[in-house]
Amino acid sequence: MARPLLDLFAHRGTLIVARFTKGQCQPCPDRPRCTSSRESARNVGFPPREHRDLQVRVRTEQQTPEWKALYAVRSGMEGTINEFTHGHGMHHCRYRGQPKAHLQHVFTAIAVNIERLSGRPVTEETPPPRPPTAFQTFLDQQGIPRSKSWRTLGN
């Protein structure tokens, strides 16, 4: 029979661990479904009930369209951050000091935007206007006039 033990893992918290000896594990008819190891015994960890309940609730939540929409935004940002760190060497800064580091980040972002824009196909039609941001929508709802963009000040 397995004997449950409490083990403390720094990265996981408390787990209830069932340890099976070789003598218990070898004759078991369900062994091929349980482990692929031929030699060693099996250890099975179970989180405490409150952690398991939280895990089940979060996994159920992850199936909702609202959660998937939120994660799509995060996924896009993670891709952009990955491109900066791995594709453009932003793991390490070339310069010391926050002002110089900030300038490097701004110039790298400008270069990435130019690179992305140069890869887009040329179209004759004008792109549709961008929808207003959440802040612009808030200003409109409150009846607060928006200042003109620096792009349209000359018009």
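Calculation rules
- Residues numbered from 1 in each chain as written.
- Predicted model: local features only at pLDDT ≥ 70, side-chain atom pairs only at ≥ 80, totals over all residues.
- Heavy atoms only, no water.
- Helix = DSSP H or I, 4+ residues; strand = E, 2+ residues; numbered from the N terminus.
- Expected span 1.5 Å × (residues − 1).
- Buried < 20%, exposed > 50% of the residue type's maximum accessible area, 1.4 Å probe, protein only.
- Arc of directions from axis to C-beta.
- Contact = heavy atoms within 4.5 Å.
- Axes fitted to C-alpha atoms, helices over the stretch in contact; angles between N-to-C directions.
- Parallel < 35°, antiparallel > 145°, perpendicular 65-115°, else oblique.
- Left-handed = near helix turned anticlockwise from the far one by under 90°.
- Nonpolar A, V, L, I, M, F, W, Y, C, P; charged D, E, K, R; others polar.
- Salt bridge = Lys/Arg side-chain N within 4 Å of Asp/Glu carboxyl O.
- Polar contact = N/O pair within 3.5 Å; in protein donor to acceptor, adjacent residues only side chain to side chain.
- Phe/Tyr/Trp six-rings, centres within 6.5 Å; stacked < 30°, edge-to-face > 60°.
- Disulfide = S-S within 2.5 Å.
- pLDDT = per-residue confidence, 0-100.

## Quick notes on helix H5 (residues 98-118)
Every α-helical turn comprises 3.6 residues, leaving residues that sit three or four positions apart pointing alike.
Piece 1. End to end, H5 covers 30 Å across 21 residues, agreeing with the expected 30 Å (1.5 Å per residue, within 8%).
Piece 2. Of all the residues in H5, the buried ones are Ala101, Gln104, Thr108 and Val112. Projected down its long axis, H5 carries its buried residues within an arc of 70°, all on one side. In this structure, H5 carries Pro99, His102, Phe107, Ile114, Leu117 and Ser118 as exposed residues pointing more than 90 degrees from its buried face.
Piece 3. Against helix H4 (65-87) lie the buried residues of H5.

## Quick notes on the packing of H4 against H5
Piece 1. Where H4 meets H5, the axes come as close as 12 Å, and the angle between the chain directions of the two elements is 110°. It follows from the interaxial angle that H4 and H5 lie roughly perpendicular. Taken as a pair, H4 and H5 cross one another with a handedness that is right-handed. For the pair H4 and H5, contact is made by Thr80, Glu83 and Phe84 and by Thr108, Ala109, Val112, Glu115 and Arg116, respectively.
Piece 2. Tallied by class, the residues present in the contact of H4 with H5 amount to three nonpolar, two polar and three charged.

## Considerations on the pattern of salt bridges
Piece 1. Throughout the structure, instances matching the rule amount to four salt bridges.
Piece 2. We note a salt bridge from glutamate 78 to arginine 74, for which the minimum N-O separation is 2.7 Å. Separated by four residues within a single helix, glutamate 78 and arginine 74 lie in helix H4, roughly one turn from each other.
Piece 3. Two residues, glutamate 83 and arginine 116, come together in a salt bridge whose shortest N-O distance is 2.6 Å. Within this pair, whereas glutamate 83 is found in helix H4, its partner arginine 116 is found in helix H5, the two being separated by 33 residues in sequence.
Piece 4. For glutamate 83, a relative accessible area of 24% translates into the label partly exposed.

## With respect to the side chain of threonine 85
Piece 1. Assignment of secondary structure puts threonine 85 in helix H4.
Piece 2. Side-chain polar atoms of threonine 85 contact the side chain of histidine 86, separated by 3.2 Å.

## Examining the packing of aromatic side chains
Piece 1. Applying the stated criterion across every chain, the model contains one aromatic pair.
Piece 2. When the centroid spacing of 5.1 Å and the interplanar angle of 10° are considered together, the rings of tryptophan 67 and tyrosine 71 count as stacked. With a gap of four residues between them, tryptophan 67 and tyrosine 71 both fall in helix H4, about one helical turn apart.
Piece 3. Note on tryptophan 67: relative accessible area 29%, which makes it partly exposed.
Piece 4. According to the relative accessible area criterion, tyrosine 71 is partly exposed, its value standing at 35%.

## Thoughts on the state of the cysteines
Piece 1. Across all of its chains, the model carries zero disulfides by this definition.
Piece 2. Considering cysteine sulfurs only, cysteine 25 is the nearest to cysteine 28, which forms no disulfide, with 6.6 Å between them.
Piece 3. A relative accessible area of 33% means that cysteine 28 is categorised as partly exposed.

## A few points about the confidence of the model for the protein
Piece 1. Confidence in the prediction of the protein, expressed as mean pLDDT, is 80, and 86% of residues score 70 or more.
Piece 2. Taken element by element, the protein is modelled with least confidence in strand S1 (residues 3-9), mean pLDDT 44, and with most confidence in helix H3 (residues 49-61), mean pLDDT 91.

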